[in-house]
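Results of the structural survey
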Amino acid sequence: MKMHILLALVGLATCFVLPTFAQDTVDPKMAQQIRALAAKFSEVFNKHDSAAVAALYTQDAVWETYHGTYHGRQRIEEEYADWCFKRWNKHNWATTISRVIPVGNEARATGTWSCDITTEMGGTGADSGHCSWVIVREGDTWKIRRETLSSDAWRN
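This is a predicted model, so every value here is computed, not measured.

It is worth spelling out the overall build of the protein chain at this point. When helices and strands are counted, the protein chain shows four helices and six strands. Taken from N to C terminus, the helices and strands of the protein chain fall in the order α-α-α-β-β-α-β-β-β-β. Relative to its 156 residues, the protein chain shows a buried fraction of 34%. Long-range contacts, defined here as pairs at least 24 residues apart, represent 53% of the contacts in the protein chain between residues at least 6 apart. Working note: accessible area of the protein chain is about 9,100 Å², and carbon and sulfur atoms make up 58% of it.

Here we take up helix α4 (residues 73-87). An ideal rise of 1.5 Å per residue puts 21 Å on 15 residues; α4 measures up with 20 Å between its terminal C-alpha atoms. Remark: the principal bend of α4, roughly 30°, maps to Y80. Residues of α4 that are buried: I76, E79, Y80, C84 and F85. Buried residues belonging to α4 abut α2 (28-46), α3 (50-54), β1 (57-65), β2 (68-71) and β6 (141-149).

Moving on, we get to the packing of aromatic side chains. Applying the stated criterion to the full structure yields 16 aromatic pairs. On the basis of an interplanar angle of 65° and a centroid distance of 5.1 Å, the ring pair of W83 and W88 is categorised as edge-to-face. Owing to a relative accessible area of 23%, W83 belongs among the partly exposed residues under this scheme. The exposure class of W88 is buried, given its relative accessible area of 13%. We note R87 situated over the ring of W83; from NZ or CZ to the ring centre the distance is 4.3 Å.

What follows covers the pattern of salt bridges. All told, the structure shown has eight salt bridges when counted by the stated rule. A salt bridge links R146 to E64; the shortest N-O distance between them is 2.8 Å. Remark: E64 occurs in strand β1 and R146 occurs in strand β6; sequence separation between them is 82 residues. Residue R146 is classed as partly exposed on the basis of its relative accessible area, which comes to 33%. We note a salt bridge from E106 to R108, for which the minimum N-O separation is 2.7 Å. We classify E106 as buried; its relative accessible area is 17%. In this structure R108 comes out as partly exposed when scored by relative accessible area, which is 32%. One connected set of salt bridges, linked through shared partners, spans K40, E43 and K47.

Within the open sheet, the six strands sit side by side as β2-β1-β6-β5-β4-β3. Their pairing is mixed. At either margin of the open sheet sits one strand with a lone partner, and together these are β2 and β3 (91-103). Across the sheet, the mean angle from the axis of one strand to that of its neighbour is 20°, orientation sign disregarded. Taken together, the four bridges between β1 and β6 define a ladder with parallel strand orientation. Along β6, the bridge assignment pairs W63 with E147. Helix-sheet contacts for α2 involve β1, β3, β4 (106-118), β5 (124-138) and β6, and the interaxial angle to β3 is about 160°.

Procedures and definitions
Residues numbered from 1 in each chain as written. Predicted model: local features only at pLDDT ≥ 70, side-chain atom pairs only at ≥ 80, totals over all residues. Heavy atoms only, no water. Helix = DSSP H or I, 4+ residues; strand = E, 2+ residues; numbered from the N terminus. Buried < 20%, exposed > 50% of the residue type's maximum accessible area, 1.4 Å probe, protein only. Contact = heavy atoms within 4.5 Å. Areas by Shrake-Rupley, 256 points an atom, 1.4 Å probe, with all protein chains shown as cover. Expected span 1.5 Å × (residues − 1). Bend = angle between axes of the 7 residues up to and from the residue. Phe/Tyr/Trp six-rings, centres within 6.5 Å; stacked < 30°, edge-to-face > 60°. Lys NZ or Arg CZ within 6 Å of the ring centre and 35° of its normal. Salt bridge = Lys/Arg side-chain N within 4 Å of Asp/Glu carboxyl O. Pairing = 2+ DSSP bridges. Axes fitted to C-alpha atoms, helices over the stretch in contact; angles between N-to-C directions.

Now the structure itself:
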């Protein structure tokens, strides 16, 4: 009797564990495309091109940062232009995606970011933190639907 219960518990545990492992497998092509999106993000960010950065987001995107939450591509573009490029003059931006998880027609990507800062007042420094993206397909490209950033310097 005890053996039957043990086997039933092992079978039940297997039912929960196997789908979890299956979700962690990502098509290498998808992972490559999302890492290319991160590289493109860093490239246009370092050109201080707020329109090009915002174009990487969906029209209804949400950008949640340690200094506020912004809704919609237009608002996100304005915030990049003002906060990231004008006030803080962030440069040498790098986004590194460490994990990609497919979820239905979307993907979740997590990683880190870092940059150097030169403020309007002439102060300099650096910042870094973690990022989390919800990414969706729009045609043949991936777009960021939701981004959450934390900062090691600015505690959330």
